[in-house]
Amino acid sequence: MDLYEYQARDMFRAHGVPVLPGITATTVDEARDAAHTLLDEGADLLVVKAQVKTGGRGKAGGVKLAYTPEEAAEKAETILGLTIKGHSVRTLLIAAGADIAKEYYFSILLDRSHRRYLAMCSKEGGMDIETLAKERPEALARVPLDPVRGIDDECAREILSAAGFDSERFDALAPVLVALWQTFRDEDATLVEVNPLVTAHDGSVWAVDGKVSLDDNARFRHPEHEQLIDRDTQDSREALAKEMGLNYVRLIGEVGIIGNGAGLVMSTLDVVAMAGQDLGVKPANFLDIGGGASAQVMAKGLNIILGDEQVRSVFVNVFGGITACDAVAEGILGALDMLGEAAKKPIVVRLDGNKVKEGRDILLNAAHPLVHMVDTMDEAARWAAVLAAPHARPQCHGKTKAMTIFLNLDSRVIVQGMTGAEGRKHTQRMLNSGTAILGGTNPKKAGTTLSFTVRDCGPAATHMTEREVEIPVFGTVAHAREATGANTSVIFVPPAFAKSAALEAIEAGIETVVVITEGIPVADATIIVDRALAAGTRLIGPNCPGIISPGQSNVGITPADITGPGKIGLVSKSGTLTYQLMYELRDIGFTTCLGIGGDPVVGTTHIDALAAFEADPDTELVVMIGEIGGDAEERAAVWIAENMTKPVVAYIAGFTAPEGKTMGHAGAIVSGSAGTAHAKAEALEAVGVQVGRTPSQTAQLVRSLLSS
């Protein structure tokens, strides 16, 4: 969540960062009254500032100076209602002006590329910092920060020295940098920026303008942040969806989208956009129902989408992994029953994966007049686009041991969080996949065991037997490792406890730690990754589906029955797109399928996986799935050009994603030209990587390369 300037100033003030007095106003009269107050309190100059969550206010006429209450009122009248880069000005900040002697720049941000925090500092402030960084990079100091130490007085002086400040300025500026770090740390921010940070002629230091971005994943630690949400500017449907617990973003289009998994839904947007290009049809929304496909969840989603007047058809695209397709089918029918006559628009359904036959049979037998079943993702997208087109409404009907990376038959696994509902469910599934699970952890249940019924397939899968196994529960990871010789851990615990669980595994000497948990705050993830790198631990995740080496071991939540052993390596940011490509290429099979997670900070990168696949003699080709946000794919492209001898085929989800919208993963956000699907595809294609525009097209490219 990005804050308005006045909110950032209030936050700065609360943490000891010096800011000048300021009062918000939403009307001309309020602006006049605020000016009176500030002038009476001793201000000589006033600044009337538009409050919008975008840059370029000054150039757009959103920042003006005033010396009297009447002048402030006149300036307020010209700014209120102004539109700046699509943002309407509803609020003003009337602030005391500073007696500026020098202007500087300072920020603390998440450096996603290097999975750490970064301080940036310059003696030149009050200007476009992106231009400075591009044209004169030597004028901008970049100092990596230890996530635990942060910025203390010593570190602050090191930053100022790196930026070229004279030592006589250190005593005045260093405490401000420390206070800004405290703001960043204590508020779980991902960005704190002051531009300009100024010194007045009397030597005082002031944060004149500020930006703060807060980590939404850490909101459970900050209930007070709820009051910072600007509900007046929220899209009403997005606000309603949020109240319902749905991950929804409204777009401008005609085809409503519902899917399970952020990556799959973003991919669905791209496929629909391509399918509807010649019809003038676009996606109308992003809606990820995650693992829930109950009638209640589906009804909530359909209610939001069907109530949108721009929507003419709905595309439900689900790949059954943990969520079975029969449950999805029942959810769709239950939702339509709940909605009754409110549901009037055609719904195209594509199901694949777990219990797909049962799911399709349920929908076909129901023969609901609004529901159209289509077999493939591309075909379903085309039908949804055709149904949404203004002048068209047709009907539609109808174990061999191989080399692997990071996980193999020798992987001995413990489950942190095994005794919880999710941990127990996935432990059962992993055992059925043949994973060697030797124990779980729970300090309160140490010394107990959990019973599981394991299904074993006979030779050539001609028969199946069942057996009961007892898995011991240990109090700590260290005890579990000592007793079992475990070398791999998978973590199923809530976000608030994920950091301590991961650090416990790392400190116990576990070689591979897989963090399934989603919603982990960036501050926590940064520390986990930092400690894993220092310890030499292979960390996979967080917010990932895990890793599977088909026929050998499966750690995480990836369905084991949608593919088999083969010669393709797969690395993906998205869980559901991992499943999608595994299924599309199931006849060829895989050495290892690795879901690295789409959060801004992850333990294993595309490059790590590419290097491992390059060294694996059984992997003949690598499929790399990326998403919008960050520059991981561009960095991978550079690495591929310099190191990779095996062919790589890529798919990037998010060609249709709008600027500045978070879509599912914490990292899936585009700002300007940075991190777009187009930029990533261009970087990869420039080094010879073939990039599919849909999952099916990506699979075709793989087949073509392997056959040649």
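Scroll up for the structure.
Residues numbered from 1 in each chain as written. Predicted model: local features only at pLDDT ≥ 70, side-chain atom pairs only at ≥ 80, totals over all residues. Heavy atoms only, no water.

Asker: Is there a simple way to think about the nonpolar core in this case?
Answerer: Counting 96 residues, the largest nonpolar core has Val490, Leu585, Leu610, Val623 and Leu684 as its most contacted members. It is helix H8 (residues 262-275) that contributes the most residues to this core, eight residues altogether. Once residues lying within four places of it in the same chain are set aside, the contact partners of Leu585 are Thr563, Ile568, Phe590, Val623, Ala699, Val702 and Arg703. Counting 70 residues, the second-largest nonpolar core is a separate cluster that includes Leu145, Ala163, Leu214 and Ile229. (Core = buried A, V, L, I, M, F, W, Y, C linked by side-chain atoms within 4.5 Å. Buried < 20%, exposed > 50% of the residue type's maximum accessible area, 1.4 Å probe, protein only. Helix = DSSP H or I, 4+ residues; strand = E, 2+ residues; numbered from the N terminus. Contact = heavy atoms within 4.5 Å.)

Asker: Any chance you could explain the pattern of salt bridges here in plain terms?
Answerer: Side-chain pairs of opposite charge can arise whenever the charged atoms involved come near each other. All chains considered together, the criterion is met by 37 salt bridges. Two residues, Arg360 and Asp352, come together in a salt bridge whose shortest N-O distance is 3.5 Å. The partner of Asp530 in a salt bridge is Arg531, and the shortest N-O contact between them spans 2.0 Å. Note on Asp530: relative accessible area 26%, which makes it partly exposed. Among the ionic contacts, a cluster of salt bridges with common partners joins Glu5, Lys49, Arg57 and Asp209. (Salt bridge = Lys/Arg side-chain N within 4 Å of Asp/Glu carboxyl O.)

Asker: Sorry if this is basic, but what is going on with the sheet that holds strand S30 (residues 621-627) here?
Answerer: Two modes of strand pairing occur in sheets, parallel and antiparallel, and in both the strands are linked by backbone hydrogen bonds. Reading across the sheet, the seven strands line up as S27-S26-S29-S28-S30-S31-S32 and stay open at both edges, with mixed pairing between neighbours. Each edge of the sheet is formed by a strand with only one pairing partner; in this case those strands are strand S27 (553-556) and strand S32 (690-692). Along the sheet, successive strands turn relative to each other by an average axial angle of 20°, direction set aside. Here strand S26 (residues 546-549) runs beside strand S29 (residues 590-595); their pairing, made up of three bridges, is antiparallel. When the sheet's bridge partners are listed, Ile547 is paired in S29 with Leu594. (Pairing = 2+ DSSP bridges. Axes fitted to C-alpha atoms, helices over the stretch in contact; angles between N-to-C directions.)

Asker: Just checking my understanding: could you explain the sheet that holds strand S2 (residues 46-50) for this structure?
Answerer: Read from one edge to the other, the open sheet built from four strands follows the order S1-S6-S2-S3, with strand pairing classed as antiparallel. Either end of the sheet is taken by a strand with one partner, and the two such strands are strand S1 (22-25) and strand S3 (63-66). Put simply, the sheet's adjacent strands are angled 20° from each other on average, direction ignored. Summarising the sheet, S1 and strand S6 (residues 92-96) pair through four bridges and their orientation is antiparallel. By the bridge assignment for S6, Gly22 is matched with Ala95. Contacting S1, S2 and S6, helix H1 (residues 5-14) crosses the sheet at an angle of about 45° to S6. Contacting S2, S3 and S6, helix H3 (residues 69-79) runs over the sheet at an angle of about 165° to S3.

Asker: For this particular structure, what's the right way to read unusual backbone geometry?
Answerer: In this structure, the amide linkage connecting Asn195 to the following residue, Pro196, adopts the cis form with an omega of 10°. Here Pro196 is to be found in strand S10 (residues 189-200). A cis amide bond links Gly541 to the next residue, Pro542, at an omega of 10°. When you line up the elements, Pro542 lands in the loop between strand S25 (538-540) and S26. Backbone geometry at Arg115 places phi at a positive 55°, although glycine is not the residue there. Along the chain, the position of Arg115 falls in the loop between strand S7 (100-111) and strand S8 (116-122).

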